[in-house]
Amino acid sequence: MQQESIYNLIPKEYVPPSKEPMYRSAYPNGLVPTASTFNNHTTSRPKVNNINGDFELVKGPHTHKGQSNSLGKIKGSYKPDATLFRMKNTGTMGSNQLPEIQSFKYPQSCRAAVPKKDEKPIHGLKSNKNFIVTNAVENILSAPKQVTEEKAWTEKKDYGKVPDYLTKIQSSINNEYEIIRNMHMNEAEERDKQKYLMTLEEVERLKLGLKKKWESVNKEYQTITHIRMIDTVGLKRKKEQCEKELALLEKDIEKLNKNYVFIDTQK
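Numbers given to residues run from 1 along each chain, matching the order in which its sequence is written. Since the coordinates come from a predicted model, pLDDT governs what is reported: local features require at least 70, and pairs of side-chain atoms require 80 or more to be given and counted, while whole-chain, interface and lining totals use all residues. Computation of side-chain values covers all heavy atoms of the structure but excludes hydrogens and water.

- Within an unreviewed UniProt entry, the label attached to the protein reads Enkurin domain-containing protein, and the organism entered is Paramecium pentaurelia.

**Details of the overall build of the protein**
Piece 1. Helix numbers and strand numbers start at the N terminus; a helix is a DSSP run of H or I with at least 4 residues, a strand a run of E with at least 2. When you go through the protein residue by residue, the secondary structure sums to four helices and two strands.
Piece 2. Buried, partly exposed and exposed residues are distinguished by accessible area as a fraction of the type maximum, computed with a 1.4 Å probe on protein chains only: under 20%, between the cut-offs, and over 50%, respectively. When the 267 residues of the protein are sorted by exposure, 9% land in the buried category.
Piece 3. Intrachain contacts of the protein at a sequence separation of at least 6 include 42% that bridge at least 24 residues.
Piece 4. All accessible areas in this document rest on Shrake-Rupley with a 1.4 Å probe, and a residue is counted as covered only by the protein chains that are shown. A total of about 27600 Å² of accessible surface is found on the protein, and carbon and sulfur atoms cover 56% of it. Only heavy atoms matter for contacts: two residues are in contact if any of them lie within 4.5 Å across the pair.

**Re the pattern of salt bridges**
If the charged atoms of two oppositely charged side chains come close together, the side chains can form a pair.
Piece 1. Salt bridges, as used here, are contacts in which a Lys or Arg side-chain nitrogen is within 4 Å of a carboxyl oxygen on Asp or Glu. The final tally for this structure, using the stated rule, is two salt bridges.
Piece 2. Between E178 and R181 there is a salt bridge; the shortest N-O distance is 2.6 Å. Of this pair, E178 and R181 are both found in helix α2 (residues 164-194), three residues apart, which corresponds to roughly one turn of the helix.
Piece 3. Overall, the relative accessible area of 43% leaves R181 in the partly exposed class.
Piece 4. A salt bridge links K238 to E220, with the shortest nitrogen-to-oxygen separation between them at 3.1 Å. Residue K238 is located in helix α4 (residues 233-255), and its partner E220 is located in helix α3 (residues 200-225); the two are separated by 18 residues in the primary sequence.
Piece 5. Judged by relative accessible area, which is 36%, K238 ranks as partly exposed.

**Regarding the nonpolar core**
Piece 1. For the purposes of this section, nonpolar cores are sets of buried Ala, Val, Leu, Ile, Met, Phe, Trp, Tyr and Cys residues that join through side-chain atoms within 4.5 Å. Judged by nonpolar contacts, M198, V203, L210, V217, Y221, C242, L246, L249, I253, L256 and V261 together constitute the single largest core of eleven residues.
Piece 2. Taken together, the elements giving at least two residues each to this core come down to α3 and α4.
Piece 3. If sequence neighbours within four positions are ignored, V217 has contacts with C242, E245, L246 and L249.

**Some words on the packing of aromatic side chains**
Piece 1. Side-chain rings of Phe, Tyr and Trp, where Trp is taken by its six-membered ring, are said to pair if the distance between their centres is within 6.5 Å; with planes under 30 degrees apart they count as stacked, over 60 as edge-to-face, and otherwise as tilted. Going through the model one piece at a time under the given rule, you end up with one aromatic pair.
Piece 2. On the numbers, 5.1 Å between centres and 75 degrees between planes, the contact of F104 with Y106 is edge-to-face.
Piece 3. Overall, F104 belongs to the exposed group, its relative accessible area being 65%.
Piece 4. Judged by relative accessible area, Y106 falls into the exposed class, the value being 71%.

**A look at a nonpolar patch on the surface**
Piece 1. On the surface, a cluster of nonpolar side chains totalling about 960 Å² of accessible area is made up of I6, Y7, L9, I10, I132, V133, V137, I140 and L141.
Piece 2. Along the chain, I6 falls in the segment before α1 (131-141).
Piece 3. Among the residues examined, I6 registers a relative accessible area of 59% and is labelled exposed. To count toward a patch, a residue needs a relative accessible area over 30% and no salt bridge; like charges are then connected within 9 Å, while nonpolar side chains (Val, Leu, Ile, Met, Phe, Trp, Tyr) are connected within 5 Å.

**Remarks on α4**
Piece 1. To estimate how far a helix should extend, the number of its residues minus one is multiplied by 1.5 Å. End to end, α4 covers 34 Å across 23 residues, agreeing with the expected 33 Å (1.5 Å per residue, within 8%).
Piece 2. Among the residues of α4, C242, L246, L249 and I253 are the ones counted as buried.
Piece 3. As for α4, its buried residues are in contact with α3.

**Some thoughts on the packing of α3 against α4**
Piece 1. In this analysis an axis means a line fitted to C-alpha atoms, helices contributing only their contacting stretch, and an angle means the value between N-to-C directions, from 0 to 180 degrees. In the contact formed by α3 and α4, the axes pass within 9 Å of each other and the chain directions differ by 155 degrees. If you check the angle between α3 and α4, you find them roughly antiparallel. Here α3 runs over α4; the crossing is left-handed. Of the residues in α4, those touching α3 at L210, K211, K213, W214, V217, N218, E220, Y221 and I224 are L235, K238, K239, C242, E243, E245, L246, L249, E250, D252 and I253.
Piece 2. Polar here means any residue other than Ala, Val, Leu, Ile, Met, Phe, Trp, Tyr, Cys and Pro, which are nonpolar, and Asp, Glu, Lys and Arg, which are charged; Gly is therefore polar. For the contact of α3 with α4, a count of residues per class yields ten nonpolar, one polar and nine charged. Angles are sorted into four bins: roughly parallel if under 35 degrees, roughly antiparallel if over 145, roughly perpendicular if 65 to 115, and oblique for all others. Left-handed describes a crossing whose near helix is turned anticlockwise from the far helix through less than a right angle; right-handed describes the clockwise counterpart.

**Concerning the environment of S127**
Piece 1. Mapping S127 onto the fold places it in the segment before α1.
Piece 2. Exposure remark for S127: the relative accessible area of 54% places this residue in the exposed category.
Piece 3. Here K129 takes part through its backbone nitrogen, which lies 3.3 Å from a polar atom of the side chain of S127. Residues adjacent in sequence count toward polar contacts only when both atoms are side-chain atoms; beyond that, a polar contact is any pair of N or O atoms within 3.5 Å, and within protein one must be able to donate a hydrogen and the other to accept it.

Have a look at this one:
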């Protein structure tokens with residue numbers, strides 16, 4: 001790292017570096033790549049060529065380079081297009097219409113005006129100002145930078161207080177929560193109103209009616225079960241229906257054995 005010194009202000013003389021000699025390859029520029037198939041399309045050798053890195057390839061009846069090959073377009077692309085020719089009445093010589101006469105105008109030039117012969121440029125202007133010394137004197141005589149004092153943020157009037165916009169946002173959020181809570185409570189009350197608690201007398205009467213229904217269905221079912229062979233579709237269907245009704249009645253009677261029985265009035 002270069003240290004600070006007064007001598008560094010003096011510009012040093014530039015010494016251009018020595019130019020290295022131009023690189024020259026020891027191999028010819030037209031050498032075919034090793035194990036390449038690029039140059040075999042003009043020969044009768046279908047395999048790769050230049051396996052040993054030879055400078056000259058084996059000559060044969062066909063050369064490795066096509067005739068008049070270059071880095072231009074593909075061979076045959078320079079042929080003229082037969083469809084591109086001058087049509088009738090498309091040129092100025094074969095048409096009967098003359099071009100419109102237009103007044104000649106000089107083009108507007110954006111260049112600066114040519115100086116007159118009396119205007120002579122001023123030559124030999126030189127400045128004796130020492131910019132190094134002038135820059136040093138200006139820096140020495142310049143006033144120091146003023147350091148701004150940091151504000152005491154803790155001494156502000158509203159320091160530590162919650163801003164008004166935060167209190168407004170918090171109040172709006174609380175109002176939304178209160179509205180949602182009231183909606184849930186109203187829905188729960190509506191659901192509770194839809195339920196009806198049955199008294200013990202009503203439950204007993206309902207049980208008695210279900211048992212009488214079960215006895216009548218069971219009596220009908222017992223008349224079918226003693227038949228050895230149920231060979232008709234009607235008897236088979238009647239037996240299945242009695243079994244379903246008995247299972248449903250037993251399930252309903254079991255539900256009525258609970259301490260509290262509620263009825264949903266919406267169903």
